[in-house]
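What follows is each chain in one-letter form.
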Amino acid sequence: MLIWMRRKGSNQVSCLPQKFSSLHTIAVKSSNQSNLSIETNFGINKIIRIINDHPFPDEPLQPTLVQCIPPPVLSNTFVENVLGRLFATHSNGLKALEFFKFYLDHSQFCLSSDAFEKTLHILARMRYFDKAWELMKEIQQRHSSLLTLKSMSILLSKIAKFQSFEDTLEAFQKMENDVFVGRKFGTGEFNILLRAFCTQRQMKEARSVFLKMHSRFPPNTKTMNILLLGFRESGDVTAVELFYHEMVLRGFKPNSITYNIRIDAYCKKGCFRDGLRLLEEMEHANCLPTLETMTTLIHGAGIVRNPIKARQLFDEIPLRNLHPDSGTYNALMSSLVRSKDLNSAIDLMDEMEEKHIKHDSMTYHIIFSGLKRSNGIEGVCELYHKMVERNFVPQTRTMVMLMKIFCENRELDLGLNFWCYLVEKGYCPHGHALDLLVTGLCSSGRVQEAFDCSKQVLERGRHISESVSRMLERFLLQRGEMDKLSTLNQMIKKLQDILPPTIGRVVGVAASIEIK
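Residues numbered from 1 in each chain as written. Predicted model: local features only at pLDDT ≥ 70, side-chain atom pairs only at ≥ 80, totals over all residues. Heavy atoms only, no water.

(A) Highlighting a negative patch on the surface. Residues D341, D347, D350 and E354 make up a contiguous surface patch of negative charge. Mapped onto the fold, E354 is located in helix α20 (residues 342–354). (Patch = residues over 30% accessible without salt bridge, like charges linked within 9 Å, V, L, I, M, F, W, Y side chains within 5 Å. Areas by Shrake-Rupley, 256 points an atom, 1.4 Å probe, with all protein chains shown as cover. Salt bridge = Lys/Arg side-chain N within 4 Å of Asp/Glu carboxyl O. Lys, Arg positive; Asp, Glu negative; His and termini not counted. Charge placed at Lys NZ, Arg CZ, Asp CG, Glu CD. Helix = DSSP H or I, 4+ residues; strand = E, 2+ residues; numbered from the N terminus.)

(B) Examining a positive patch on the surface more closely. On the surface, a cluster of positive charge is contributed by R305, R338, K340, K372, R373 and K404. Residue placement: R305 occurs in the loop between α17 (291–303) and α18 (307–316).

(C) Representation of the packing of aromatic side chains in the model. For the structure shown, the criterion picks out 15 aromatic pairs. Between F190 and F217 the ring centres are 5.4 Å apart and the planes differ by 20°, which places this aromatic pair in the stacked class. A residue pair is termed long-range when its members are at least 10 positions apart, and F190 in helix α11 (residues 187–199) and F217 in the loop between α12 (203–213) and α13 (221–233) qualify at 27 residues. F217 sits in the buried class, given a relative accessible area of 1%. A ring pair is formed by Y364 and F392, whose centres lie 4.8 Å apart and whose planes are at 35°; its orientation type is tilted. Here F392 lies in the loop between α22 (376–389) and α23 (396–408) and Y364 lies in helix α21 (residues 361–374), a separation of 28 residues in the sequence. Of the two residues, Y364 and F392, neither departs from the other in class, the shared state being buried. Ring pairing ties together the aromatic residues F172, F180, F185, F190 and F217, which thus form one cluster. The ring of F162 has R127 sitting right over it, with the charged end atom 5.1 Å from the ring centre. For the cation-ring pair, K484 lies above F451, with the distance from its terminal atom to the ring centre recorded as 5.8 Å. (Phe/Tyr/Trp six-rings, centres within 6.5 Å; stacked < 30°, edge-to-face > 60°. Buried < 20%, exposed > 50% of the residue type's maximum accessible area, 1.4 Å probe, protein only. Lys NZ or Arg CZ within 6 Å of the ring centre and 35° of its normal.)

(D) Quick peek at the packing of helix α10 (residues 165–179) against α12. At a closest axis distance of 11 Å, the pairing of α10 and α12 adopts a crossing angle of 45°. Between α10 and α12, the angle falls in the class oblique. For the pair α10 and α12, the crossing hand works out as right-handed. Residues F165, L169 and F172 of α10 form the contact with α12, whose own contacting residues are E205, S208, V209 and M213. (Axes fitted to C-alpha atoms, helices over the stretch in contact; angles between N-to-C directions. Parallel < 35°, antiparallel > 145°, perpendicular 65-115°, else oblique. Left-handed = near helix turned anticlockwise from the far one by under 90°. Contact = heavy atoms within 4.5 Å.)

(E) The arrangement of the nonpolar core in detail. With 164 residues, the main nonpolar core has L155 and F418 as its most contacted residues. Among all residues touching L155, those that are not within four sequence positions of it are L120, A124, F129, A132, W133, M136 and M175. (Core = buried A, V, L, I, M, F, W, Y, C linked by side-chain atoms within 4.5 Å.)

(F) Region of the structure containing the confidence of the model for the protein. Put simply, the protein has an average pLDDT of 86, and 88% of its residues get 70 or more. Scored below 50 in pLDDT, residues 1–41 shows 70 contacts in the model against residues more than four places distant or in partner chains. With pLDDT under 50 throughout, residues 503–516 is counted as low confidence; its partners more than four residues away or in other chains account for 27 contacts. (pLDDT = per-residue confidence, 0-100.)

(G) The pattern of salt bridges, seen in detail. This structure, assessed with the given rule, holds 27 salt bridges. The partner of E481 in a salt bridge is K484, and the shortest N-O contact between them spans 2.7 Å. Across this residue pair, the class does not change: E481 and K484 are buried. Within the structure, one salt-bridge network assembled from shared partners comprises E241, R262, D274, R277 and E281.

(H) How the structure looks around the packing of α10 against α11. Two elements in contact, α10 and α11, have axes separated by 11 Å at closest approach and are oriented at 160°. Classified by the angle between their axes, α10 and α11 sit roughly antiparallel to one another. As for the relative orientation of α10 and α11, their crossing is right-handed in sense. For the pair α10 and α11, contact is made by F165, T168, L169 and F172 and by E189, F190, L193 and F197, respectively. A per-class count over the contact of α10 with α11 returns six nonpolar, one polar and one charged. (Nonpolar A, V, L, I, M, F, W, Y, C, P; charged D, E, K, R; others polar.)

Put into structure tokens, the structure is as follows:
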């Protein structure tokens, strides 16, 4: 089987010529074969490819979109799917913004707040804060109904992550005064501000804001749960319990979310018995356990290597009139993998299929992790090809893990196979995956392919890491390929003038040459 896999991987490498032209053909075929009703000749894969492949920033994107997408195709579902894919693939944020503006100007449907939120999230994640504020202001003027608490949360959370405490408070005031005009801010908006600090584990700041502003915005149970969640995220069980008791003393009644947070805090610290104790306390308080409660406890049983109890809790789920989902199955799989019962975990994948419960990215990540430790590269390859046959694209963490497995085992053809697969699906693979692949290719003398993959990322408007740029510089200099080095130099400099700098992903070939 491994020989067949290598042969299949080798054939796929042919999709990496210098111009990557055959990838476009494959992508169009893939999109035309899609079974989504809205795709017809304008499949999501095809549009994603058009956006990602568009030369950036040499030409404007909107004229191309006008040619490729007639207005009737711009349904909210179509736009939301495209933007969701652009977010998942870490595509260039300015391209996503151009696509959203095309939707604003040409859609024949009532506009979608979800599409706006996805665009805002893409911009904020890339720290295009000026562009994000401009978009918020434009939406306020043209389609103020699209402004939601979720859009406020998206921008505030990223400002709290990348900027200062004072900047976050100023942003909250700006939203109140300039963006959400005519809306009276209350507890809901206050909760969003607290959540921004709590999700970043900035509990000192969250506590300060709570004490300073709770008289203006009367807190509710959700407020207290947000703060409790923040203490849980900080990993301090004692702080969680202290704040829980403060919550009760302030007169707030705990609900299922409150108990789930406390149970999760104990389980993550390996205090599984305390989690079970809280389950009993929850039931005595006539607070019914939810599916999240049971999933958390199953995961907790796995952390302490107790697969028997994990299975027992799983079997209790239907007795509690609950229905397991992919998250519940993943929790049980994780428990089995931690206990080195990989066969039983794989059987659960089959059971999910029988019950029509979809495998998600976590499902694959758990099983790939188990296969890596027990069956080595052969087992990983077998599941990888099954995943590809099902047209499933995993999330970034699993992408990087697979690329690392392939490169560490000198299966570079499989690494390129995976790279081509992601590009065919409209993804611009994550920078860490590129780092691994380029390192493996260069160390094996396959510099041309390393150059092609790196150039492809730059063409899509994405930075490459300093380590990749220096490695390519060294190998290209050794081969005397100054034309390729000059090409990378020009592309990197062009992006530096447009994209905000990314932490840990600086300069590139241009700067390294100048230093010398």
